[in-house]
Amino acid sequence: MDAEPMATDSIESFKFKPYTLSQTLTTHKRGVSSLKFSSDGLLLASVSADKTLRTYSVSTDHIQNGNEAHNSATILSPLQEFSGHEQGISNLAFSSDSRFIVSASDDEILRLWDVNTGSLIKTLHGHTNYVFCVNFNPQSNMIVSGYFDETVRIWDVKTGKCL
């Protein structure tokens, strides 16, 4: 059985368009240290040295440019401001269902937040130095965090206890 030749497009057949800046967010008052999209892409979150975590809705607006086909522009709209850390926030992570966000801070604390209400759910204590990175496991029942004190800790989300 002979294989049919595959149709290939030359690079010239693709119409490349340069990236263009669609929007600039200026909601933070100090340096932005981390940005993450939710798993469904409908939310963006940012954290900053200004001690805040902020969420934004992500939407796509389809526009017509003269005779060209429809183009789309991504629009970010501010939703919530989460505050409570005493020092700058270095990192964040969304739970897999995008219902929760965990933030890591130089104040040696992790905070677990409700995305919809902006309320603080849990404060995770037990570190002796800056918290640099944080993430949920795929089931979102554990949080893992890395610290300036050269340790990695694993937390139970339900109890808030370090495992």
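Throughout what follows, the structure given in this document is the object of discussion. (Residues numbered from 1 in each chain as written. Predicted model: local features only at pLDDT ≥ 70, side-chain atom pairs only at ≥ 80, totals over all residues. Heavy atoms only, no water.)

## Brief notes about the overall build of the chain
In terms of regular secondary structure, the chain is built from zero helices and eleven strands. In sequence order, the chain lays out its α and β elements as β-β-β-β-β-β-β-β-β-β-β. Counting across all 163 residues of the chain, residues that qualify as buried make up 36%. Restricting to contacts in the chain with at least 6 residues of sequence separation, those with at least 24 account for 39%. (Helix = DSSP H or I, 4+ residues; strand = E, 2+ residues; numbered from the N terminus. Buried < 20%, exposed > 50% of the residue type's maximum accessible area, 1.4 Å probe, protein only. Contact = heavy atoms within 4.5 Å.)

## Description of the sheet that holds strand β9 (residues 131-136)
Ordered in space as β9-β10-β11, the three strands form an open sheet in which the pairing is antiparallel. Single-partner strands in this sheet number two, and they are β9 and β11 (152-156). Each adjacent strand pair in this sheet contributes to an overall mean axis angle of 20 degrees, direction not counted. In terms of strand pairing, strand β10 (residues 142-147) meets β11 through five bridges, oriented antiparallel. Of the residues in β11, the one forming a bridge with M142 is D156. (Pairing = 2+ DSSP bridges. Axes fitted to C-alpha atoms, helices over the stretch in contact; angles between N-to-C directions.)

## So, the environment of I101
Looking at the secondary structure, you find I101 in strand β6 (residues 100-105). Non-local contacts of I101, meaning those with residues more than four positions away in its chain, are made with A45, L53, T55, L92, A93, F94, R111, L112, W113, V115 and F136.

## A closer look at the packing of aromatic side chains
Per the stated rule, a full pass over the model turns up three aromatic pairs. Note on F82 and W113: the rings are 5.5 Å apart at their centroids and 70 degrees apart in plane angle, and the pair reads as edge-to-face. Of the two residues, F82 sits in strand β4 (residues 71-83) while W113 sits in strand β7 (residues 110-114), which places them 31 residues apart along the sequence. When its relative accessible area of 1% is taken as the criterion, F82 is described as buried. Measuring from ring centre to ring centre gives 5.7 Å for Y130 and F148, while their planes differ by 50 degrees; the resulting arrangement is tilted. With Y130 in the loop between β8 (120-124) and β9 and F148 in the loop between β10 and β11, this pair connects stretches of sequence that are 18 residues apart. Taking the relative accessible area as the measure of exposure, Y130 reaches 34% and is therefore partly exposed. Taken together through their ring pairs, the aromatic side chains of Y130, F132 and F148 make up a single cluster. The residue whose ring lies beneath R153 is Y147, and the NZ or CZ to ring-centre distance is 6.0 Å. (Phe/Tyr/Trp six-rings, centres within 6.5 Å; stacked < 30°, edge-to-face > 60°. Lys NZ or Arg CZ within 6 Å of the ring centre and 35° of its normal.)

## Comments concerning the pattern of salt bridges
Going through the model one piece at a time under the given rule, you end up with two salt bridges. Note that R54 is salt-bridged to E81, the shortest N-O span being 3.0 Å. Taken as a pair, R54 in strand β3 (residues 52-63) and E81 in strand β4 lie far apart in primary sequence, 27 residues in all. Exposure remark for R54: the relative accessible area of 13% places this residue in the buried category. (Salt bridge = Lys/Arg side-chain N within 4 Å of Asp/Glu carboxyl O.)

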